[in-house]
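# Analysis of the macromolecular model
Take a look at the letters that make up each chain.
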Amino acid sequence: MADRPVVFSGMQPDGVLHLGNLLGALRPWVQEQSLYRNYFCVVDLHALTRQEPRDLAQKTREVAALYLAAGIDPEQSTLLVQSHVPEHAELAWILGCFTPMGWLERMTQFKDRSRKLSSERIGSGLFSYPVLMAADILLYKTDLVPVGEDQRQHLELTRNLALRVNRILGDTFVIPRAKIGSIGARVMALDDPSSKMSKSADSEAGRIGLLDPPDRVRAKFRRATTDSGTAVDLETASPGVQNLLEIYRSLTGAGERELAEVFQGKGYGRLKEVVADVVIQELEPIQRRCHDLLQDPVALDRLLADGAARARGSAGATMAQVRQRLGMLPAR
Ligand code: TRP
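Just so it is clear, the structure is predicted and the values come from calculations on it, not from any experiment. (Residues numbered from 1 in each chain as written. Predicted model: local features only at pLDDT ≥ 70, side-chain atom pairs only at ≥ 80, totals over all residues. Heavy atoms only, no water.)

So, on to the pairing of strand E7 (residues 192-196). Two faces belong to every sheet, and in a regular strand the side chains alternate between them. Here strand E6 (residues 188-189) pairs with E7 via two bridges, running antiparallel. Each bridged residue has a counterpart across the sheet, and for Met-188 the counterpart in E7 is Lys-196. In sequence, E6 turns back onto E7 through a hairpin of two residues. (Pairing = 2+ DSSP bridges. Helix = DSSP H or I, 4+ residues; strand = E, 2+ residues; numbered from the N terminus.)

Given below as structure tokens:
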């Protein structure tokens, strides 16, 4: 048990989880759940960097319920809400004191997000976002972090920070490794297949929300960007068509040849219908379980309290070590 590698990952409760989150993250987490000692976190403190978090409690419950509905087993994995484990914020402060400004200034995600706003309007939390993420990961002596390509730079910063602090304090943190897209699918926006399906994009048409009802799923696929061609293979089809094929493949396990057999000569209208059908089929049981879980928020909150208590066991041990190495006066 104890020697399985530690996995930590998380999602922000800042919008609706979508098909990309399911196929790229949640489902792979579930599939490999028994191989690791897992921490799956709802990172509500990170969501505060949006500055106007709406319905934070409700969204936090919703993300947790979707983790469970997708198959995260709370006996096997530790499911936690970030703010329920205050050690995350505490370690983030300490790590921030060891993080050169220059490292944070180089983060492309910060540059992208902050470009739109003047520095009078961005909270400094957006700037130090990667430090909080490093704290999440390092608190649990995490070995592996399953994330998307877009988080690679944050992971690299986490590793460098861990090395730096280890040099100063002596071996304290495990140096984590990114586990990027080894088994998941990369799902693109339906209305713009050049960018990833996004929780926060203004256009709803680009994403299939995990809680979208069947008719909405069908309508969104019907309007998905394709072209006037006929190719149904993953090499020559246009990006929009490839995206639909990729979704189908990821859900059915179909190989290249099967794709051709199923879709050759049928037209993209039919492709959209069939893909919508398999997506609806996949979402149905998840939606049912999620709905049931949200019907009983007291039970859900109790489950999250259990997860937080378990997480605090490991997080507290790491913090005790960090405080001692920093020479802090113990509280009596
Ligand atoms: N920044 C991550 C994202 O937007 C979310 C996140 C926060 C995270 N803390 C983490 C992911 C720790 C992995 C590990 O996707």
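What the rule picks out here adds up to zero disulfides. Its sulfur unpaired, Cys-41 is 18 Å from the next cysteine sulfur, which belongs to Cys-290. (Disulfide = S-S within 2.5 Å.)

A water-sized probe, rolled over the atoms, reveals where empty space remains. By the definition in use, this model includes one cavity of 30 Å³ or more. Taken as a whole, the largest cavity spans an internal volume of roughly 60 Å³. Around the largest cavity, the lining residues are Gln-109, Phe-110, Arg-113, Leu-126, Tyr-129, Pro-130 and His-154. For the lining of the largest cavity, the secondary-structure elements that each account for two or more residues are helix H6 (108-115) and helix H8 (129-139). (1 Å grid on protein atoms, 1.4 Å probe; cavity = no way out; pocket = protein on both sides within 12 Å on 5 of 7 lines; lining within 4 Å. Points joined across faces, edges and corners; volume = space filled by probe spheres on them.)

In this section: the environment of Gln-151. The residue Gln-151 is located in the loop between strand E4 (144-147) and helix H9 (152-169) in this model. For the pair Gln-151 and Pro-130, spaced 21 residues apart in the sequence, the C-alpha separation amounts to 9.5 Å. Once residues lying within four places of it in the same chain are set aside, the contact partners of Gln-151 are Gln-109 and Met-133. A polar side-chain atom of Gln-151 sits 3.4 Å from a polar atom in the side chain of Asp-150. (Contact = heavy atoms within 4.5 Å. Polar contact = N/O pair within 3.5 Å; in protein donor to acceptor, adjacent residues only side chain to side chain.)

Attention shifts here to the packing of aromatic side chains. By the definition in use, this model includes six aromatic pairs. With a centroid separation of 5.5 Å and 15 degrees between ring planes, the pair formed by Phe-8 and Tyr-140 is classed as stacked. One end of the pair, Phe-8, is in strand E1 (residues 6-11); the other, Tyr-140, is in the loop between H8 and E4, and 132 residues separate them in sequence. For the residue pair Phe-8 and Tyr-140, the accessibility class agrees, reading buried in each case. Ring plane angle 65 degrees and centroid distance 5.0 Å describe the contact between Phe-110 and Phe-127, whose orientation is recorded as edge-to-face. Taken together, the positions of Phe-110 in helix H6 and Phe-127 in helix H7 (residues 124-127) put the pair 17 residues apart, joining distant regions of the chain. Overall, Phe-110 belongs to the buried group, its relative accessible area being 17%. Of the residues examined, Phe-127 reaches a relative accessible area of 16% and is grouped as buried. Pairwise contacts between aromatic rings join Phe-8, Tyr-39 and Tyr-140 into one cluster. A cation sits over an aromatic face here: Arg-164 above Trp-103, 5.4 Å from the ring centre. (Phe/Tyr/Trp six-rings, centres within 6.5 Å; stacked < 30°, edge-to-face > 60°. Buried < 20%, exposed > 50% of the residue type's maximum accessible area, 1.4 Å probe, protein only. Lys NZ or Arg CZ within 6 Å of the ring centre and 35° of its normal.)

Turning next to the site of the ligand. In the neighbourhood of the ligand, 13 residues make up the surrounding shell, with His-46, Tyr-129, Met-133, Asp-136 and Gln-151 lying closest. Take Gln-151: an N or O atom from its side chain is 3.0 Å from a nitrogen atom of the ligand. For the ligand, the protein covers 88% of the area, taking 370 Å² as the surface of the free molecule. Listed by contribution, the elements that provide at least two residues to the shell around the ligand are E1, H8 and E4. Of all the elements, H8 adds the most residues to the shell around the ligand, at four residues. Here the residues of the shell around the ligand are counted per class, giving seven nonpolar, five polar and one charged. (Near = heavy atom within 4 Å. Areas by Shrake-Rupley, 256 points an atom, 1.4 Å probe, with all protein chains shown as cover. Nonpolar A, V, L, I, M, F, W, Y, C, P; charged D, E, K, R; others polar.)

This brings us to the domain arrangement of the protein. When the parts of a complex come together, some accessible area is lost, and that lost area is often used as the size of the interface. Assigned domains of the protein: these are domain 1 (6-179 + 297-326) and domain 2 (214-291). Between the C-alpha centres of domain 1 and domain 2 there is a distance of 32 Å. In this complex, domain 1 contributes eight residues to the contact, which on the side of domain 2 involves ten residues. When the area that domain 1 buries against domain 2 is broken down by residue, the three leading residues are Leu-19, Arg-27 and Ala-69, summing to 55%. At the junction of domain 1 and domain 2, the tally comes to two residue pairs in polar contact (both at pLDDT 80 or more). Among the elements of the structure, helix H1 (19-31) and helix H3 (56-70) are those that each provide at least two residues to the side of domain 1 that touches domain 2. A breakdown of the residues in the side of domain 1 that touches domain 2 according to their chemical character gives seven nonpolar, no polar and one charged. (Domains from an automatic or database assignment. Buried area = accessible area lost by both parts, 1.4 Å probe.)

Moving on: the pairing of E1. Of all six residues making up E1, five are buried, and the element is well covered by its neighbours. Relative to strand E2 (residues 37-42), E1 runs parallel, the two being bridged by six bridges. Within E2, the position partnered with Val-7 by the bridge is Asn-38. Note on the crossover from E1 through H1 to E2: the handedness is right-handed. (Right-handed = clockwise from strand over helix to strand, strands pointing away.)

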